Amino acid sequence: MTADHSRGMLLAEGATGRQRDKLERALEESRVAVSLDPEMPESMLTARVLLTTLRRGPGQLLLERSGLPASAADELAAVVDAVDPARPLTVVNNAGGTLAVRLHVGADAGSAVRVVPEGYGAHIAGQRTAVIRPARPGNPVGAVYAAALGAAEAFKRTARVLPRRRELHRHLRFCPVTLSSDLAAAPDLPAELLLDLALVGVGAIGTGIVLLLDAVGAAGRVLAVDYQRFGPENIGTYSLGGAAEVQAAPWKTDMARAALSRFDVIPFREPADRLPAAMDARVVPWFPLVLTALDTAAARRDAQRLWPDRLIDAATGDTMLGIHDHEHGNGPCMICFFPPDRSGESAAQRLAAATGLPLERTMRGTDPLTETDLVNLRPEQRHILRPHVGTPVCGLAQAVGLTRLGATAYQPSIPFISLQAACLSVGRLIAARLGITQAGNLAQYDGLFGPQAATIECMPQDPACLCASRAWTIDRVRKIRKG
Ligand SMILES: [Zn+2]
């Protein structure tokens, strides 16, 4: 059995401009070596998530064993083989030969890209002279986030992503709880993290959230909502599930239950739009906290109709990832974020609305932006676009903070993108629990550029949305559901 890499290949084609068959062959022949410093806190969790995430894509994976106890190497080989036994992890003393990239889970290494958790955040250092001296040990969120960022660094190199589509990090620091480069700011995880939440969608992002909730040692109750079983196409995009799950085809809700041993998991195996009625009929309880990890704008609007106290939505679209945060009675809801009439707009229409360029111009996306295009714009629009003269117009979406996250075509992304979205979601949840006020209610970035280039915005409530116009009814519904 070989994992389905079609989704990753599609993204790689777009980001590299290379022909699919050539790219596929190059990726399959690429060799990626990983080593780790077993003394570093959370180095095993970081290495485990890094290796299993990489194994969901093509190519050869090597583990350099230096300094690593045999039992640890065996453990890593076993979890990698569980994902895709057709491509086992090769454990070696020294990788030798030509490598696409060498990754080291630890602060000190020669030419490797270093991957180091610190607190909830991570360092990624590709520059040999960058000094990594963590002021605090990494925790499990930091480990998973570091691993997801490390896998992105590997992908940029193995797929040879075009320079204008990526940034190679010389020394990146980022914390998904504070959404800043300050890895020291967020207080430590509480000794006991008790959670009562609904997870709507146990897919590419949802399995990442499950992985994190288990890794941080949380306990409590989870309503797991997903109407599908695990299939072979999910191996290449999810953060849980491997060859055995392809054989057994478990419900995704049961995969959540198996992974969350400290939680009382309530499965709901129907689409999200049936959830409000099931709550009103008391088939399932109402939950004050809802995490959504869904593929469509419509499903997000359906989940909003649960009217929880807090709804944290994680999203991916190609290489973009982000979160939308809703607090009841304070700011926008998912229907404000994803209004039904706007979700049908094309990327060209959205770009035209955001830049002031005429639609017939944004539809010619590959033509570079010229000074002539700027003539009829307002001065502030011209100011924003002038630095991008010469850039193909379709590349402006990133520049003006407009992304594909708002488009209709939500797609499960490559796993390191989905896993970073899951980290932002769980990071937001932890920030709320720790009483940290994060800036904005929308944060997003391109996973090939990195979180240092994130757009963080404070979106307003739409006064025409039903969360405003029917606030009184919504409050009554909430009271009844809360019982
Ligand atoms: Zn609203």
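Computed from a prediction, not measured in an experiment: that's the story for all the values here.

Draft legend 1. Spotlight on the coordination of the zinc ion. Every protein donor of the zinc ion is accounted for by Cys333 (SG), Cys336 (SG), Cys465 (SG) and Cys467 (SG), and the metal-donor separations fall at 2.2 to 2.3 Å. Each of the four donor atoms around the zinc ion contributes to a set of angles spanning 102 to 124 degrees, which defines the coordination as tetrahedral. Counting gaps between the donor residues of the zinc ion yields the pattern C-x2-C-x128-C-x1-C. Both residues of the pair, cysteine 465 and cysteine 467, count as buried.

Draft legend 2. View of the sheet that holds strand 9 (residues 219-225). Spatial ordering of the open sheet is given by 10-9-8-11-12-13-14-15, a layout of eight strands whose pairing is mixed. Each of the sheet's edge strands pairs with one partner strand only, and the pair in question is strand 10 (263-268) and strand 15 (455-457). Shown here is a sheet whose adjacent strand axes are inclined to one another by a mean of 15 degrees, direction ignored. As defined by bridge partners, strand 11 (residues 289-292) adjoins strand 12 (residues 310-317) across four bridges and the pair is classed as parallel. When the bridges of strand 12 are listed, leucine 291 appears paired with isoleucine 312. Each of strand 8 (194-200), strand 10, strand 11 and strand 12 is contacted by helix 6 (residues 204-215), which is oriented at about 170 degrees to strand 8, the strand it contacts most.

Draft legend 3. How the structure looks around helix 6. For helix 6, spanning twelve residues, the distance from its first C-alpha to its last is 17 Å, which sits close to the expected 16 Å at 1.5 Å a residue. Of all the twelve residues making up helix 6, ten are buried; the element is thus mostly covered by neighbouring parts of the structure. Buried residues of helix 6: Ala204, Ile205, Gly206, Thr207, Gly208, Ile209, Val210, Leu211, Leu212 and Leu213, and no others.

Draft legend 4. The arrangement of the pattern of salt bridges in detail. Evaluation of the coordinates by the stated rule reveals 19 salt bridges. Note that arginine 221 and aspartate 196 form a salt bridge whose closest N and O atoms lie 2.8 Å from each other. Placement of arginine 221 in strand 9 and of aspartate 196 in strand 8 is noted, with a sequence separation of 25 residues between them. Of the residues examined, arginine 221 reaches a relative accessible area of 26% and is grouped as partly exposed.

About the criteria used
Residues numbered from 1 in each chain as written. Predicted model: local features only at pLDDT ≥ 70, side-chain atom pairs only at ≥ 80, totals over all residues. Heavy atoms only, no water. Donors = N, O, S within 2.8 Å, 3.2 Å for Na, K, Ca; no water. Tetrahedral: all angles 85-135°; square planar, octahedral: opposite > 155°, others 65-115°. Buried < 20%, exposed > 50% of the residue type's maximum accessible area, 1.4 Å probe, protein only. Pairing = 2+ DSSP bridges. Helix = DSSP H or I, 4+ residues; strand = E, 2+ residues; numbered from the N terminus. Axes fitted to C-alpha atoms, helices over the stretch in contact; angles between N-to-C directions. Contact = heavy atoms within 4.5 Å. Expected span 1.5 Å × (residues − 1). Salt bridge = Lys/Arg side-chain N within 4 Å of Asp/Glu carboxyl O.

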